[in-house]
Structures are given as structure tokens and as C-alpha cells.
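# Tertiary structure, described
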Amino acid sequence: MAFNLSKQDWLLFLGFALVVLTLPISLQPLGAAYPALMQKFCIFGIFALGFNILFGLTGYLSFGHAAFIGIGSYAAVWMFKLLTMNALPAILFSMVVAGLVAMVIGYVALRRSGIYFSILTLAFAQMFYNLAYSVLTPLTNGETGLQLTLGDPRVLDRMAGAATGGLPRVELFGIGLSGGGYAGFYFCAIVLILCFFFAIKIFRSPFGLMLRALKSNQNRMRYTGFNNRPYLLAAFVISGVYAGLAGSLMAVTDPLAGAERMQWTASGEVVLMTILGGAGTLVGPILGAAVIKYFENIFSAFNEQTLHRIFDFLPDSIENPLVSGLSLFVGEGWHLTLGVIFVLIVIFLPGGIMEGFRRISGLFKRGGGGGKPAVAAHAQPAE
Amino acid sequence: MSDRNIVLHVADVSKRFGGLKALTDVDLSVAEGTVHAIIGPNGAGKSTLLNVCIGRIRPDQGHVVFAGTTLDQQKPHEINQLGVSRVFQTPEIFPDLTLLDNVMIPAFAKRDGAYRFHALQSVESESEIRDSAEFHLGDVGLLERRHQLAGSLSRGDKRRLELAMCLIQKPKLLLLDEPTAGMSRHDTNMTIELLKRIKARGMTKVIIEHDMHVVFSLADRVSVLAQGRIIADGLPDEVRGNPKVKEAYLGEAHA
Amino acid sequence: MDAILLQILNGLDKGGAYALIALGLTLVFGTLGVVNFAHGALFMMGAFCAVGFNKLLTLQSVTIDPSQTTPWGSPMEVRQPYVEAWLGESGKFLVDYSVPAAILLAIPVMLLFGIAMERGIIRHFYKRPHSEQILVTFGLAIVIQEIIKHYFGANPIPQPAPAAFRGTAAVGELIGLGNGLPYPWWRLIYLFFSLSIIGAVFAFLRFTTYGMVVRAGMRDRETVGLLGINIERRFTVVFGLASVVAGVAGVMYTPILPPDYHIGMEFLVLSFVVVVVGGMGSLGGAVLAGFLLGILQSFASMNEVKAIIPGIDQIIIYLVAVVVLLTLPRGLMGRAGVMEE
Ligand SMILES: Nc1ncnc2c1ncn2[C@@H]1O[C@H](COP(=O)(O)OP(=O)(O)O)[C@@H](O)[C@H]1O
Ligand SMILES: [Mg+2]
């Protein structure tokens, strides 16, 4: 019962799994087939997937989800320090902690909707961020960030008589996960695939239907006999747990945690990923996350020299102004590109990449004569 | 009428909005299985009265008792779970969802209660609820359009959809706020037929209506509301001849 | 007693900045119905008008004076700002007063930018959901921020207050309380500056016909539109005005806090909290909450308070926002029907 999907959804799921697991091959031509980057796709994919369960389904725009990333990372590193370098306890612990914090924040913030909700979530995230640098430094190690040290107790590992000497690696029953190897990528990929499965289940469940209904008309829900608050809280907590999981994977692949992960810019980034891909769609947010991380990687690697090399064939009088103009957008200026994309997407394609696909395939269908009237498979981006 | 048969009792309810007295000492009893019409000029407080009954507005004074439960402290969803459904004057539907989803959702509320975390089942496998939803969509004549988005319907069709959403819950008490406003004559007659059929199912109804044709073909009892007060109450024929009622409507016509 | 007065004073200048930003946010939200997440970036742009103006004034000529030598014996380089070379003493005066003088630059720059922004982007979002307005202005804020970073770098750039105002004023004597209460002159100036800008904006809204239309528009946009008043043009002007207010607030704040490219976002987040606490759509509420939160923050950073509740200074504003939003859904002075279902 719990592992039932319709035939179409099995296809979607298997196709997705196949694409993710074969990324090391399919990304070769794009020059992105190295584990450190691909595991980033997976981690941010999980983050966006979870964010979308809140924003895409209920329309509640949280501006504080990065807090859960940070909390997940800190929780995972603490597990590494205190208990064991095995990844599983760390991940589970992170999810539990993030879930509990989400329950508290959600309980308060969901008393309001619309922009008030956005501000409340932002306020909570900022509190965590500020406290991480002040009162909570015993837990977060302040500006330096939380790191592994040789003196960590690691109780379980020591009882098992693990070899000492040098900092240990995060592992899963003997397989090293940290340090940017393929094992780390495949681990993240499998977690992403599991998360995707759970997301499909939610989307197709009565629970998911209720969330969409809440986005559409809360009054009607109320007078139809539903207690709205627990539904919203459940969505908030689920998305918080996804974010905590993503945060713990960051720690698994690179065992340190810093407060900058909780800055509101990081919260903004996940909003952008979700919108860019298509809020309310299953695959969109993951696609958005991958696209942004891919271009971040490309653009930030460029600098003026590389640009000069590319445009070498042009006469200097064109090359120089062109290069200095473009240099605004690359390297350090990558965020500018991001901002511009953000603005353009919201103006011209509020449904994101998935909406773009739909429009394009719509053109072809109309050409083929099989035009259907606009029906359900259509997600409004907000409120 | 014995007390046991009273499903809904509005007891001396008053409500003010700032300086405006929207309801003053309204007292109303609705007997089980009957259709009770409320008529009155615009702004008389009819919708406000229904708002009080479903917990949207708290009365300043007085109580509403439904099937033996006092509704003073009840939240809107609790009142619905007790068995009260309402069709609103401006349709309240889920515009971004299909008609089928629109009608299935209330059925879930009826079956599973105010909250249930059913994230691992699938809507697809809920064939019983879907069949029932299709049946009720057929009842209001919208079955062929079940895969359309509800937002694309005309105002009259939205109203019929909302009616189906209420009927699928098989409420003990159905509140209808001008259910035929904005409908063509043909659709109005269809709705009257539908409401008559439900009457046979023994559902109690309170209906606000301007169309006298509808009132006199459906109602067992009529109350007249003017400027927040009940000015007449009785069988349809008694109320029809009441001079105060004529005055209230004429007063409006002069204004 | 003095300590308390001092904390109040300390909170007032920051409160003034919050109030000015919150005022513009509210004006734009109330009239145009737009939630502008780029408003902090406008404050930051204003601050960088001051930085840019100062840079311009201090462009220097470098000459080698053979008659003077450095301690190492090589000829001394003499640097002299062009402005001083051309204008002599009044040039020196101008450089000294570059911060307040930058207001003259900031007003047209911010006005033009605000108008362009409203015409180019904001206008198309009047009817779109608030979440999309938030998103597009948020993107815009990133763009502005990154452009500034590109040209001015990532580090804070200190701006000196004019020499005459660098010291501290003995406020106690000024208000007849006798001794002490030392308080930096420039902060005192900022307080009066923000009060007069607030006063000017309120006077504009109250006493000019233009302002009356805007106020009417804040209550009931549709009706004002129906009266045949060209509401669109007025919206543009309101946006330009809010942008100028944010800009000059930024200019004058530079001697208090050296600006960097993300100062805008820090202030924006706080100002949104201020707006929400004051009550969405209430101008008076925005001003009141701005000063109130500024003062609260300065109390929370007293060592005595921090000793009791560690870290309170870091979170006080957000904490207040949470409490206010939960107890007063409409904030301190919000009107019914604004941003409600
Ligand atoms: N929430 C409210 N706030 C203020 N006034 C209201 C509210 N609801 C209704 N009113 C006023 O109460 C009076 C009665 O309204 P209503 O019950 O809708 O009348 P009707 O009999 O036409 O349904 C009207 O004058 C209306 O303006
Ligand atoms: Mg009515």
C-alpha cells in the first residue's frame, strides 16, 4: 500500500532514478561530470524538492529555510564528533533536529499568512543566524565554523577500536563518503532518489490534494470541515526535514558547518531554484537547483583572462569594451547574473522551466492537431 | 412542533458592525426535515445570520444551538463536522483544482474528519470517493466537465459545483445563500428540481432566496428579515399576505 | 537616569534610519500595493552616492616637488585634490562637507532611478500576487547590490562627517539637565534630519492636493481611479519620492556606519520587521515602530541587559516582531483589511 504508485508514476520515478544514476556519463559533454559538482546537484535538489512541498503546494513563501540547512549541518557534525563517523546516525539525527525546530517555528509562523508569514520565517532564520555568531558559539564555534578535531570523543568508533591518527573520513560501513569521490556522489544520489519517491507519494496523496486546496481557497477548506493548521504545519515540517537532510549531506560530503549557510541569501537561493524550475511541479525544483549550481560553477570559473582568450579574434576596439562589460557577469559577478535571471524569470516565465517545456510541447501538439483544452496539469506559482 | 424536532435554534442573536445593527434579537427555529426560507431586502442581514450559524462571525449576544450543541465556542471546521454545510452568496470553490477534486475534497472531510495525515495513500485508489463525487457532479449536471479547472466555470456553474460539494457531505443542515442568483431560468428550474429531490432525502435546509417562484415552490416555512429584525414568520401563504412584509419590500423599492 | 537617557538617544538615530526606510516601504505598499524588497537596495544606493561623490571630489593630482624630500631622501610626491586646486578654500570646504553635499547628487539620481524602476518593472506587477512582487524586487535588489559591489568592492568604505561635527555634544547641557550625556554631533544631526524629512513627507501628504490624492488612493485605489485622476502618473511620483527618501537616508547615514554593498539588505530586513510591527499600510505606525525598535535595540545592547539575557541584542527586533504579530495581527497601528484574506 505505502509503496504503490500508478504506472505513469513508476515510469517517472524509474526514469528519474536512471537519469540521476547515469549523470556521470550524461554530464561528460557538459564538463560537469565530477563528483563534487554532481553531489551539489543532488543536495540542492533535495533542498528545493522539500521547499516545493511547502511553497509549491500550499503557496506559503518561506524566507527562512536556510536555517534548517544550517541546523542539519551542525547536528550532523556533532554526531561525527561525539558518536561515530558513520553517515547514517548523523543524517537521522539531523532530520529529527530539523523537524523539531521546524515544528516550533512553523507552529508560530503559520499563525499568519501571506507576507506576514514570509517576514516571520525570515525573522526566525535571522535570529538563528545572529545567535550562531554570539550566544550559540559553544555549539557552532562561531566564525571559524564547526570542525572535526583529533580530540573528538567519537564514542562508538573508539569502542569499535577504529584506527586513530589523522582526521577520520565520513564513511558508510567502510566506504569513504567525504572528500569528493564517486562514493559520496552515489550516496547523495540514492538519498535524492528516495526523497523523490516520497515527494511523488505526497503529491498524489489525499494529503497533497488538501495542501493544494489550501493554496486555492483556505476559507472553503475551513467551512468544509478541515482543520487547516495541522495540514500546513505538516507541510512545513516535511520541508524542514528535507532541508535538514540536505544540510546533513553537506556535512557528510565535507564534514564542517558554518553559519553562513543560514544567511537569508541562501534562503533566497532555494526560492529561486524552485521558481526557476517550476513551483508546484515534481521535477522542476530539482532541475532548477541543478541549472543554478551548474551555471554557478561555469560562470564563477570565468575571469577576464578567459574572456580575453575567448574573444581574442575580435579587434581590440570591440574586444576590450565587450570583455569589461561581460566581466560584470562572471567570476565574482556570478550573483549579478543570478539576479538578472531571477528578474527575467519572474517577469516572463512565472511557471519556470517546466512551464516553458509545456508551452513548447503545446506548440507541437497544436501543430499535430491534438489540442486539448487547458486542464489540471497546470500549477499556479503563488498564493 | 415539539422541541425535539428543532435542528437549528437561533436564540436572541444580535450583532453590530460599528454603528450598524446588522442583527437585532433574531430568534429562529428550524424544524428537522423542513425547508425554511429567509427572505428580505438587500442588506437586511440574511447573510450575516448564516455567518453566525457557521462560526464565521461571533454574535455579540445570544446563542446558536445546532442539534443540541451550542455553537458559541465551536470553530468553523468543527461546526461543519457536526453536520452543517453552506453554499455562499459569492461562490467559494477551489478555482485551481478540477471539478472532480473540488467535490472529492469535502468527501474526505466527511470520511476522515478534520485532520488526517494520509500522505502515503493515493487519491487514485480512492474509488469509492471518486464514484460518489462523480455521482454528485452528475446530479448538478457537471459530470462531463469534471476534468476542467473550476476557475473556468461561469458564476452559475460555480454555484452548482458548490452545491455538489455540500451535498456530497450529506449534511444534517444545508444552508443556501441565494443558490440560484446568476442562473438562467432553465438552470434555476433544474436547481429547484434537485433541491426537491434532496428534500425527499430528509435533509434540513435553510435557504435565502429573492426569487419568489423558488421560495413558494420549496419552502415549508418562511421568515422575513428587515433591517436586522424578524418581522414575520409563518407558512408561505400567511407571510405572502402580511402587510408588514409588503411594506418592507416597498420601502426598499422607494430607497 | 542618565544611562537610560543615553540609551534612548543612542536608539534614536538608528530608529530614524529605520523610520525613513519603513516610511518609503509603507508609502509604496499603501499606494501602489507593491511589496518592494528592493527598497533596502535604494538606501544602499544613496549611501554609495555619498561614497561616489566623495571619490569624485577627492580625485587628486600628483606632482613631484623637488624642493621637499621624504625621510628617505627621494623627492616628495604632493597630492592635491583637483577641487582644491581649482576652488581653493571653498574647494576644501566642499571636500569637508562632501556627505551632506552628496544629497544634491542623490536627489536627482534616486528620483530618476526610482521612476525608471517603476516604469520599467514595478508597474507590471500591480496586479500580480504579492509573492511575485517579492520575488521580482528581490531579484532586482541582488542586481543593484552586485553592480555596486563590482564598482566599489566588498569592503565597508568609511565616510568622514564634516570636521565641525566630528566631536561629541554634551546633550545634558543642551537640554538643561546639567552634566554630561556625551553624544556624537553627527548622530544628533541625523536625528533632526530624519525628523525633518518625516515631517516634510507628512506635510506633503497632508497639505498638497497631490498628497491628498495619494492619501485617498491609499484608502481606496479603485474609486480614485474612477474619478478620472491620472493615478498612474501619481504612482510613479510616489515611487520616485520613496526612492529619494531612502536615498538621502542612506547618504546621511554613511558617517555613522561605513556602507558596504549589503548594508541595504540588512536594513531592509529590519525595516520590513518595522513595517509589520507598525502595521502594514500605516505611515504613522511605520515611524513610531522605527523609533521604538531603534530604542529597544539600544537598550538590549547595554551590558547590564546582556548580562541577564545573553544574546538579546542580536535578536530583540525579531523577537518583538514575533510577539507583536502574534498578539496584534495588524501591528501597532494597522488598518483593517490590509493584507488580510
Ligand atoms: N463583516 C462585516 N463588516 C461590516 N459590515 C458588514 C459585514 N458583513 C455585513 N455587513 C453589513 O451588514 C449589513 C447586512 O449585510 P448582509 O447580511 O450581507 O445582508 P443581506 O441580507 O443582503 O445578505 C449590510 O449593511 C452589510 O454592509
Ligand atoms: Mg446576502
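Residues numbered from 1 in each chain as written. Chains lettered and ligands numbered in written order. Predicted model: local features only at pLDDT ≥ 70, side-chain atom pairs only at ≥ 80, totals over all residues. Heavy atoms only, no water.

What follows concerns the overall build of chain A. The secondary structure content of chain A amounts to 18 helices and 4 strands. The C-alpha atoms of chain A give a radius of gyration of 22 Å, which matches the 21 Å a tight globule of 383 residues would have. With the principal axes as the frame, chain A shows a C-alpha extent of 70 × 70 × 40 Å. Taking all 383 residues of chain A together, the buried fraction comes to 58%. (Helix = DSSP H or I, 4+ residues; strand = E, 2+ residues; numbered from the N terminus. Rg over C-alpha atoms; globule rule 2.2 N^0.38 Å. Buried < 20%, exposed > 50% of the residue type's maximum accessible area, 1.4 Å probe, protein only.)

Bringing the site of ligand 1 into the picture now. All names here are of chain B. Close contacts around ligand 1 come from Phe17, Leu20, Ala22, Asn42, Gly43, Ala44, Gly45, Lys46, Ser47 and Thr48, and that covers them all. Between ligand 1 and the protein, one listed contact pairs an oxygen atom with a backbone N or O atom of Gly43 at 2.8 Å. At a separation of 2.8 Å, an oxygen atom of ligand 1 approaches a polar backbone atom of Lys46. In the complex, 60% of the free accessible area of ligand 1, which totals 560 Å², lies under the protein chains. Contributions of two or more residues to the shell around ligand 1 are made by strand E2 (20–31) and helix H1 (46–53). Considering every element that reaches the shell around ligand 1, the biggest residue donor is H1, with 3 residues. (Near = heavy atom within 4 Å. Polar contact = N/O pair within 3.5 Å; in protein donor to acceptor, adjacent residues only side chain to side chain. Areas by Shrake-Rupley, 256 points an atom, 1.4 Å probe, with all protein chains shown as cover.)

What follows deals with the coordination of the magnesium ion (ligand 2). All names here are of chain B. Protein coordination at the magnesium ion (ligand 2) comes from Ser47 (OG) and Gln89 (OE1), with a distance range of 2.0 to 2.2 Å. Of the two residues, Ser47 is situated in helix H1 and Gln89 in the loop between strand E6 (84–87) and helix H3 (99–112); the sequence distance between them amounts to 42 residues. Looking at Ser47, the relative accessible area reads 22%, which means it is partly exposed. (Donors = N, O, S within 2.8 Å, 3.2 Å for Na, K, Ca; no water.)

Turning to the sheet that holds strand E4 (residues 61–66) of chain B, a few remarks are in order. All names here are of chain B. Pairing is antiparallel in the open sheet, where 4 strands are placed in the order E2-E1-E4-E5. Each edge of the open sheet carries a strand with a single partner, namely E2 and strand E5 (69–70). Relative to E2, strand E1 (residues 6–17) runs antiparallel, the two being bridged by 8 bridges. Paired with Val13 across the strands is Val26, a residue of E2. Of the strands in this sheet, E1, E2 and E4 touch H1, which is tilted by about 65° from E2. (Pairing = 2+ DSSP bridges. Contact = heavy atoms within 4.5 Å. Axes fitted to C-alpha atoms, helices over the stretch in contact; angles between N-to-C directions.)

On to a positive patch on the surface, then. Taken together, the side chains of A:Arg111, A:Arg229, B:Arg58 and B:Lys75 define a basic patch exposed on the protein surface. Take B:Lys75: it is sitting in the loop between E5 and helix H2 (76–82). (Patch = residues over 30% accessible without salt bridge, like charges linked within 9 Å, V, L, I, M, F, W, Y side chains within 5 Å. Salt bridge = Lys/Arg side-chain N within 4 Å of Asp/Glu carboxyl O. Lys, Arg positive; Asp, Glu negative; His and termini not counted. Charge placed at Lys NZ, Arg CZ, Asp CG, Glu CD.)

Facing the 40 residues of chain A at the interface are 41 residues of chain C. Its largest share of buried area at the contact with chain C, chain A owes to A:Ile115, A:Tyr116 and A:Trp264, together 18% of the area lost on that side. On the surface where chain A and chain C come into contact, there are 0 salt bridges. Connecting chain A to chain C are 1 residue pair in polar contact (both at pLDDT 80 or more). At the level of secondary structure, the elements contributing two or more residues to the side of chain A that touches chain C comprise helix H6 (114–133), helix H11 (218–223), helix H13 (264–277) and helix H17 (334–348) of chain A. (Buried area = accessible area lost by both parts, 1.4 Å probe.)

Once that is clear, we can look at the interface of chain B and chain A. Taken together, the 40 residues of chain B in the interface contact 33 residues of chain A. Sorting the residues of chain B by area buried against chain A places B:Phe94, B:Tyr115 and B:Leu120 first, and these three jointly supply 18% of that buried surface. Linking chain B to chain A there are 1 salt bridge. Two residues, B:Glu162 and A:Arg220, come together in a salt bridge whose shortest N-O distance is 2.5 Å. Elements supplying a minimum of two residues to the side of chain B that touches chain A: H2, E6, H3 and helix H5 (155–167) of chain B. The element that contributes the greatest number of residues to the side of chain B that touches chain A is H3(B), accounting for 5 residues. Broken down by class, the residue content of the side of chain B that touches chain A amounts to 21 nonpolar, 10 polar and 9 charged. (Nonpolar A, V, L, I, M, F, W, Y, C, P; charged D, E, K, R; others polar.)

This paragraph deals with the pattern of salt bridges. Where charged atoms of side chains with opposite charge meet at close range, the side chains can pair. Residues and elements named next belong to chain B. Per the counting criterion, the structure on display carries 23 salt bridges over all chains. For Asp157, the salt bridge is made with Arg145, and the minimal N-O distance between the two is 3.1 Å. Remark: Arg145 occurs in the loop between helix H4 (127–139) and H5 and Asp157 occurs in helix H5; sequence separation between them is 12 residues. Given a relative accessible area of 8%, Asp157 falls into the buried group. Put simply, Arg160 and Asp187 hold a salt bridge, and the shortest N to O gap is 3.9 Å. Taken together, the residues Arg160 in helix H5 and Asp187 in helix H6 (residues 185–200) connect sequence positions 27 residues apart. You can call Arg160 buried: its relative accessible area is 9%. Taking relative accessible area as the criterion, Asp187 reaches 16% and is therefore assigned buried.

Turning next to the packing of helix H5 (residues 87–109) of chain A against helix H12 (residues 228–253) of chain A. Helices that pack against each other are described as a pair by the angle of their axes relative to one another and the distance between those axes. Residue and element names in this part refer to chain A. Contact pair H5 / H12: the axes reach a minimum separation of 7 Å and the direction vectors enclose 145°. Seen from above, H5 lies across H12 with right-handed handedness. Of H12, the residues touching H5 (which contributes Ala87, Ile91, Ser94, Met95, Ala98, Gly99, Ala102, Met103, Ile105, Gly106 and Tyr107) are Leu233, Phe236, Val237, Gly240, Val241, Gly244, Leu245, Ser248, Leu249 and Val252. Taken together, the residues of the contact of H5 with H12 sort by class into 15 nonpolar, 6 polar and no charged. (Left-handed = near helix turned anticlockwise from the far one by under 90°.)

Within the largest apolar cluster, 283 residues are counted, with the highest numbers of intra-cluster contacts made by A:Ile46, A:Phe80, A:Phe187, B:Ile105, B:Leu161, C:Leu32 and C:Tyr190. Grouped together as the second largest cluster of nonpolar side chains are 28 residues, B:Val7, B:Ile54, B:Leu71 and B:Leu175 included. (Core = buried A, V, L, I, M, F, W, Y, C linked by side-chain atoms within 4.5 Å.)

Right, let's talk about the arrangement of the chains for a bit. The interface with the most contacts, out of 2 pairs of chains in contact, is the one formed by chains A and B. Nothing in chain B touches chain C; the tightest C-alpha to C-alpha distance between them is still 13 Å.

Our focus in this paragraph is a nonpolar patch on the surface. All names here are of chain A. A surface patch of nonpolar side chains, about 470 Å² in accessible area, is lined by Leu21, Tyr182, Tyr186, Ile190 and Leu194. Here the nonpolar patch takes 4 residues from helix H9 (residues 182–204), the largest share from any one element. With respect to the element layout, Tyr186 can be found in helix H9. Given a relative accessible area of 31%, Tyr186 falls into the partly exposed group.

Residue and element names in this part refer to chain B. Here Val30 shows up in strand E2. For Val30, a relative accessible area of 0% gives the class buried. Setting aside residues no more than four positions away along its own chain, Val30 makes contact with Asn5, Ile6, Val7, Leu8, His36, Thr204 and Val206.

All names here are of chain A. Where helix H1 (residues 7–21) meets H9, the axes come as close as 10 Å, and the angle between the chain directions of the two elements is 160°. Judged by the angle between their axes, H1 and H9 are roughly antiparallel. In this structure, H1 meets H9 at a crossing whose hand is right-handed. Across the interface between the two elements, Asp9, Trp10, Leu12, Phe13, Phe16, Ala17, Val20 and Leu21 from H1 touch Phe185, Tyr186, Ala189, Leu192, Ile193, Phe196, Phe197, Ile200 and Arg204 from H9. Of the residues assigned to the contact of H1 with H9, the class counts are 15 nonpolar, no polar and 2 charged. (Parallel < 35°, antiparallel > 145°, perpendicular 65-115°, else oblique.)

Turning our attention to unusual backbone geometry. Residue and element names in this part refer to chain B. The phi dihedral of Lys170 falls on the positive side, at around 45°, and the residue is not glycine. Looking at where Lys170 falls in the secondary structure, it is placed in the loop between H5 and strand E7 (173–177). The residue Glu178 is not glycine, and still its phi comes out positive at about 50°. For Glu178, the position within the fold is in the loop between E7 and H6.

With that out of the way, let us pick up the sheet that holds E6(B). Residues and elements named next belong to chain B. In space, the 6 strands of this open sheet follow the order E6-E7-E8-E3-E9-E10, with mixed pairing throughout. Since the sheet does not close on itself, it has two edges, and those belong to E6 and strand E10 (229–234), each with one partner. On average, adjacent strands in this sheet sit at an angle of 15° to one another, irrespective of strand direction. Sheet topology note: the E7/strand E8 (residues 204–208) ladder contains 5 bridges and is parallel. Considered in E8, the bridge of Asp177 is made with Ile208. The sheet strands contacting H1 are strand E3 (35–39), E6, E7, E8 and strand E9 (221–226), and the helix crosses E7 at an angle near 150°. Each of E6 and E7 touches H5; the most contacted strand, E6, lies at about 175° to it.

Bringing the confidence of the model for chain C into the picture now. Here chain C shows a mean pLDDT of 82. Residues at 70 or above account for 90%. Among the prediction metrics, the complex's ipTM stands at 0.91, with pTM recorded as 0.88. (pLDDT = per-residue confidence, 0-100.)

We now examine the confidence of the model for chain A. Across chain A, the average pLDDT comes to 86, with 94% of residues at or above 70. When the criterion is pLDDT under 50, residues 369–383 of chain A qualifies, and its contacts beyond four places in sequence or with other chains add up to 27 contacts.

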